[in-house]
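# Coordinate inspection notes
As a plain string of letters, each chain reads:
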Amino acid sequence: MISFSSALTRLYGLLNAGSALDLMFWTDAELSGYLGDALQRLSRAGLFIERAEYTSTVANEGNYALPANTLGVVRVSVSGSALRASGVQDLEALSLTWVTDTAAAPQRFAVDVNGLNTVRLYPTPTAGGGSLAVMYRSNVAATTHRAAACIEDYLLYAALGEARAKRSDGAMPDVVNVARERAALIASVCTEYWGTGNV
Amino acid sequence: MTLLDLRTTVLTRANESGAAGYTSDQADAVLNEGLRLFALMTLCVERTIVTRLQPDAVWRQLLTLLPDFLVPLRVRCHVLQSGAAVSEWDVPLWDQAEFDELSPAPQTVMTPVRPCRLTDLDALSLAWETDRNATVKRYGCLGVDLFWIHPAPSAAGTSLELVYAAMPTALANASDVPEIPASYHAGLVDYALSALPLKFGGAELGDSAALFARFLEGAKTCGEMVRTRARALQYDRTPFELRLRPRKEPAKGKKQ
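This write-up is about the structure you can find in this document. (Residues numbered from 1 in each chain as written. Chains lettered and ligands numbered in written order. Predicted model: local features only at pLDDT ≥ 70, side-chain atom pairs only at ≥ 80, totals over all residues. Heavy atoms only, no water.)

## Observations regarding the overall build of chain B
Summing up its helical and strand segments, chain B has seven helices and seven strands in all. Secondary structure elements of chain B, listed N to C terminal, follow the sequence α-α-β-β-α-β-β-α-β-β-β-α-α-α. Taking all contacts inside chain B whose residues are at least 6 apart in sequence as the whole, residues at least 24 apart take part in 72%. Put simply, chain B shows about 13,500 Å² of open surface, and 52% of that area lies on carbon and sulfur atoms. (Helix = DSSP H or I, 4+ residues; strand = E, 2+ residues; numbered from the N terminus. Contact = heavy atoms within 4.5 Å. Areas by Shrake-Rupley, 256 points an atom, 1.4 Å probe, with all protein chains shown as cover.)

## So, the interface of chain A and chain B
Taken together, the 46 residues of chain A in the interface contact 44 residues of chain B. Between chain A and chain B, the buried area comes to about 3,900 Å², and carbon and sulfur atoms account for 62% of it. Between chain A and chain B we count six salt bridges in total. Among the ionic pairs, Arg146 of chain A bridges to Asp145 of chain B, the shortest N-O distance being 2.9 Å. Elements supplying a minimum of two residues to the side of chain A that touches chain B: α1 (4-14), β2 (49-56), β4 (70-78), β5 (81-82), α4 (149-165) and α5 (173-194) of chain A. Of the residues forming the side of chain A that touches chain B, the biggest block, 13 residues, is contributed by α5 of chain A. When its residues are assigned to classes, the side of chain A that touches chain B shows 26 nonpolar, nine polar and eleven charged. (Buried area = accessible area lost by both parts, 1.4 Å probe. Salt bridge = Lys/Arg side-chain N within 4 Å of Asp/Glu carboxyl O. Nonpolar A, V, L, I, M, F, W, Y, C, P; charged D, E, K, R; others polar.)

## What to know about the sheet that holds strand β8 (residues 108-110) of chain A
Residues and elements named next belong to chain A. With mixed pairing, the four strands of this open sheet are ordered in space as β3-β9-β8-β6. The open sheet has two edge strands with one neighbour each: β3 (63-65) and β6 (84-86). On average, adjacent strands in this sheet sit at an angle of 30 degrees to one another, irrespective of strand direction. Sheet analysis places β6 next to β8, joined by three bridges and oriented parallel. What sits directly across from Ser86, in β8, is Ala110. (Pairing = 2+ DSSP bridges. Axes fitted to C-alpha atoms, helices over the stretch in contact; angles between N-to-C directions.)

## Focus: the sheet that holds β4 of chain A
Residues and elements named next belong to chain A. Here we have four strands laid out as an open sheet, ordered β2-β11-β4-β5, and antiparallel in their pairing. Single-partner strands in this sheet number two, and they are β2 and β5. Across seven bridges, the pairing between β4 and strand β11 (residues 131-138) is antiparallel. For Gly72, the partnering residue across the bridge sits in β11 and is Arg137.

## A look at helix α2 (residues 24-42) of chain B
In this model α2 of chain B runs 27 Å from its N-terminal to its C-terminal C-alpha over 19 residues, within 8% of the 27 Å that 1.5 Å per residue would give. Counting buried positions along α2 of chain B yields 15 of 19 residues, so the element is predominantly enclosed. (Expected span 1.5 Å × (residues − 1). Buried < 20%, exposed > 50% of the residue type's maximum accessible area, 1.4 Å probe, protein only.)

## Digging into the nonpolar core
Among the nonpolar cores identified, the biggest contains 119 residues, and Leu31, Ile151 and Trp194 of chain A together with Leu40 of chain B are the most heavily contacted of them. In terms of residue count, the dominant contributor to this core is α5 of chain A (eleven residues). Residues Ala52, Leu66, Val119 and Leu132 of chain A belong to the second largest nonpolar core, which totals twelve residues. (Core = buried A, V, L, I, M, F, W, Y, C linked by side-chain atoms within 4.5 Å.)

## Re the packing of α4 of chain A against α5 of chain A
Residue and element names in this part refer to chain A. The contact between α4 and α5 brings their axes to 8 Å, and the two run at 150 degrees. Between α4 and α5, the angle falls in the class roughly antiparallel. The hand of the α4/α5 crossing is left-handed. Contacts between α4 and α5 involve Cys150, Ile151, Asp153, Tyr154, Tyr157, Ala158, Leu160, Gly161, Glu162, Arg164 and Ala165 from the former and Val175, Val176, Ala179, Arg180, Arg182, Ala183, Ile186, Ala187, Cys190 and Trp194 from the latter. In terms of residue class, the contact of α4 with α5 is built from 15 nonpolar, one polar and five charged. (Parallel < 35°, antiparallel > 145°, perpendicular 65-115°, else oblique. Left-handed = near helix turned anticlockwise from the far one by under 90°.)

## A closer look at the pattern of salt bridges
What the rule picks out here adds up to 20 salt bridges over all chains. Measuring nitrogen to oxygen at the nearest pair gives 2.9 Å for the salt bridge that ties Arg10 of chain A to Glu33 of chain B. Of this pair, Arg10 of chain A sits in helix α1 while Glu33 of chain B sits in helix α2, placing the two residues on different chains. Exposure remark for Glu33 of chain B: the relative accessible area of 4% places this residue in the buried category. Arg47 of chain B is the partner of Glu179 of chain B in a salt bridge, and the nearest nitrogen-oxygen pair spans 2.9 Å.

## As for the side chain of Thr70 of chain A
Residues and elements named next belong to chain A. Along the polypeptide, Thr70 turns up in strand β4. In this structure the side chain of Thr70 is engaged in a polar contact, spanning 2.7 Å, whose partner is the backbone oxygen of Pro67. In this structure Thr70 touches Tyr136 and Arg137, once residues within four positions along its chain are discounted. (Polar contact = N/O pair within 3.5 Å; in protein donor to acceptor, adjacent residues only side chain to side chain.)

## Regarding unusual backbone geometry
Trans peptide bonds make up most of the peptide bonds, and negative phi angles are found at most residues other than glycine. Geometrically, the link from Tyr122 of chain A to Pro123 of chain A is a cis peptide bond, its omega value of -15 degrees lying close to zero. Position of Pro123 of chain A relative to the elements: it lies in the loop between β9 (118-122) and β10 (124-125). A cis amide bond links His150 of chain B with the next residue in sequence, Pro151 of chain B, at an omega value of -10 degrees. In this fold, Pro151 of chain B is placed in the loop between β6 (146-150) and β7 (158-166). Even without being glycine, Asn16 of chain A reaches a positive phi, approximately 60 degrees. Within the fold, Asn16 of chain A resides in the loop between α1 and α2 (28-44). One non-glycine residue, Leu43 of chain B, adopts positive backbone phi at about 55 degrees. On the secondary structure map, Leu43 of chain B appears in the loop between α2 and β1 (46-52).

## A look at the environment of Gln81 of chain B
Residues and elements named next belong to chain B. Topologically, Gln81 is positioned in strand β3 (residues 69-81). Along the backbone, Gln81 and Gln26 are 55 residues apart, and their C-alpha atoms lie at a distance of 53 Å. Excluding anything up to four places from it in sequence, Gln81 contacts Pro106, Gln107 and Val109.

The quantities given are spatial measurements derived from coordinates; they are silent on function.
And the structure:
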């Protein structure tokens, strides 16, 4: 489990502060922002994959909202049956009436039909009650999350690099370079192990 | 080396101990940081667990079960079977109760579980999630901990033996010994001495670059050893290939 509070405590030490009260050139919110930015960069690399069986299909309804923190859809299934990923062009090539086509069970899904936050099932299911499961790259925004402890080290170095790069009397270009290099090293190893290259 | 040995060495070599310099806590923190980075790059810390599978459970978030999980290395399926023995004439033994034979002792049958990708399973069958069998045949892992098996067992009695690369246990007590091979303990001192000056920067930080490079060199050597062993054991995952140096550019003037 990684937590911002633990990373912040370590960061205070590297910024020569005992606590948030001792910070001279930064605020606590600013440092938390650096940590959050770093975590989002890892999220975009696809390290955090979630699978949510979050809703049931509704008869004659093809559009379903994706979970709020979805960055990209990896896989969609209905009642344990995987749907094939498709785009609007595929669906149009498949059937000119794809918008109104219906079937008992959907066979494909598309995420480019109705904005980025909606998944479209094709054909539109005529029966409801199927369990819709989405596997997706999650944009982790929480201040605590399930992850190996080394990811907290990445957050620490990424935030240290940003903090020391701020134009202030606390700026240290040499520390910035080293911190960013170490963050990049950890990120490259983590992405190699856990990135979504091998779906 | 114990944590006390490592800490003492770090503070002595840093020559900054005392109120104005580095504290024991700071030394311990960077030693643990180096330990984590070393284990992450080399996958040299291995653990094995046997866990019972819940019926019908295809998906699992492994970090909730194993907080130190990094990547899976090998998976085996254990299925408890009774009366599976067969005589040399292919007749099941213990099938005639009237002979007052003893009940056969349950046997645990162990079978390897092969790694696979989601796309492989989807290509086999789009409804693979609904397949059920007492013996698990395939597994996969995506992201930091999303783990799946195929087919999932339909009843209790199946266990999974998971060999995995783990984050080492943090060094907390003076007598704690790092879980990485002893010959690389000195590398942790190098890492600590290169990480401590990040607090102050300046020439001290610049001088520490060589120590960090030496730490990485040790990690690379250990990683190669672990990789060779992993291949020999036919593990499913080899350690990350360290790509620390940029690819060499061809010398100017030379023909390609």
